[in-house]
Amino acid sequence: ESYAVLISDLHVGSKYFLEAEFIRFLNWLSSTNDEIVRKIRFVCIGGDLIDGIGIFPNQDKELLEMDTAKQMKHAIDLLARIPKHIKVFLIPGNHDPGRRALPQPSLPRKDSELLYSLDNFTMLGNPSLIELNGVKVLMYHGQSLDDIIATTPGLTYSKPSEAMKILLKARHLSPIYGQRTPIAPEQEDMMVINEVPDILHSGHVHIIDVQNYRGTLIVNSGAWQAQTKFQQTVGIVPTPGIAILINLATLQPFQMDFNQLNHI
């Protein structure tokens, strides 16, 4: 039996980054007397390691660190604490350095050289399909969920798995062109879902939601950032500080909540 942990959207550098909760999560990963922790083999991080600079209007008022390199260094210092026997797969999000248009290449080495040098880290593009103990996991940060939710009647940010279901039905991770999601003109459309994944893992909307759809486990892994002023204005109530664990033998999902002190 082995487990994978799915997280995303740390937003390091933001005043709203829940550092204490994230450190609680890292300490838990390093604990040796927890039976579940002993079975954790993989951590999948779905993008937005940092809050970035100039991503949305007046963002500077919400930042603790005004420099991308400093934000990245802070994030890397934290992630480097993940135990070496756990393999980490990391894709970028729309707040991270590098190209904003989809598909996104892996994080630029310029700001994240140390992550590339860590043996247990695999730096991937957004989206990426990986296989963990025979389980196919499609990792996609989820920018296009904004367009899906805005244009599909009945969908809301509070149930992102319903929007993710539409991506599976469309067999495409960004099926709406010309709205908010920038798409690069590539020779081949890398956003097509060629293989049906066992798990579709996204973040971006900061709300935990897990659902099964025709044999695929849909996971939106929430965030590690408290509600921002922007989210207040659009009515998004995030569910931060929670990690999703998947038993890779059964595809059974569990939630681990690090907002409480019981995980120190």
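Residues numbered from 1 in each chain as written. Predicted model: local features only at pLDDT ≥ 70, side-chain atom pairs only at ≥ 80, totals over all residues. Heavy atoms only, no water.

**Student:** What is the right way to look at the sheet that holds strand β3 (residues 87-90) in this model?
**Tutor:** Sheet strands associate in pairs through backbone hydrogen bonding, adopting either a parallel or an antiparallel arrangement. Strand order in the open sheet made by the six strands is β4-β3-β2-β1-β10-β11, with mixed pairing throughout. Looking along the sheet, the strands with just one partner apiece sit at the ends: β4 (121-123) and β11 (252-257). Neighbour-to-neighbour, the strand axes of this sheet turn through a mean angle of 20°, independent of strand direction. In the sheet, strand β1 (residues 3-7) pairs with strand β10 (residues 242-247) via four bridges, with the strands oriented antiparallel. The residue of β10 that forms the bridge with tyrosine 3 is asparagine 247. (Pairing = 2+ DSSP bridges. Helix = DSSP H or I, 4+ residues; strand = E, 2+ residues; numbered from the N terminus. Axes fitted to C-alpha atoms, helices over the stretch in contact; angles between N-to-C directions.)

**Student:** What should I look at first to understand the environment of leucine 138 in this one?
**Tutor:** One can find leucine 138 in strand β6 (residues 135-139). For the pair leucine 138 and leucine 6, spaced 132 residues apart in the sequence, the C-alpha separation amounts to 12 Å. Those residues in contact with leucine 138 that lie beyond four places of it in its chain are Pro127, Ser128, Leu129, Leu173, Ile193, Pro197, Ile199, Leu200 and His201. (Contact = heavy atoms within 4.5 Å.)

**Student:** Before we go on, may I ask you to explain the packing of aromatic side chains in this structure?
**Tutor:** Any aromatic ring pair is given by two values, namely how distant the centres are and how the planes are angled relative to each other. Scanning the entire structure with this criterion turns up 11 aromatic pairs. Taking 5.2 Å as the distance between ring centres and 80° as the angle between the ring planes, the aromatic pair formed by phenylalanine 22 and tryptophan 224 counts as edge-to-face. Placement of phenylalanine 22 in helix α1 (residues 19-29) and of tryptophan 224 in the loop between β9 (216-221) and α7 (229-234) is noted, with a sequence separation of 202 residues between them. Each member of the aromatic cluster is reached from another via a ring pair, and the members are Phe17, Phe22, Phe25, Trp28, Trp224 and Phe258. (Phe/Tyr/Trp six-rings, centres within 6.5 Å; stacked < 30°, edge-to-face > 60°.)

**Student:** Explanation requested: the nonpolar core in the structure shown.
**Tutor:** The nonpolar side chains of a soluble globular protein tend to be buried with one another. By size, the foremost hydrophobic cluster in this structure holds 36 residues, and its most contacted members are Ile7, Leu10, Phe22, Phe25, Leu49, Leu79 and Leu115. Contributions of two or more residues to this core are made by β1, α1, β2 (40-45), α3 (68-79), β3, β4 and β10. With 20 residues, the next largest nonpolar core counts Ala4, Leu132, Val135 and Leu217 among its residues. (Core = buried A, V, L, I, M, F, W, Y, C linked by side-chain atoms within 4.5 Å. Buried < 20%, exposed > 50% of the residue type's maximum accessible area, 1.4 Å probe, protein only.)

**Student:** Mind showing me how you'd approach the sheet that holds strand β8 (residues 208-213) here?
**Tutor:** Here five strands make up an open sheet; going across it, the order is β5-β6-β7-β9-β8 and the pairing mixed. Taken across any chain shown, the strands that pair with only one partner, and hence form the sheet edges, are β5 (128-132) and β8. Between one strand and the next, the sheet's axes are offset by a mean angle of 20°, whatever the strand orientation. As judged from the six bridges shared by β8 and β9, these two strands associate in the antiparallel manner. Counted as the bridge partner of valine 210 is valine 219 from β9. In the packing of helix α6 (residues 160-170) onto the sheet, contacts are made with β7 (199-202), β8 and β9, and the angle to β8 comes to roughly 40°.

Worth remembering: the numbers are spatial, not functional.
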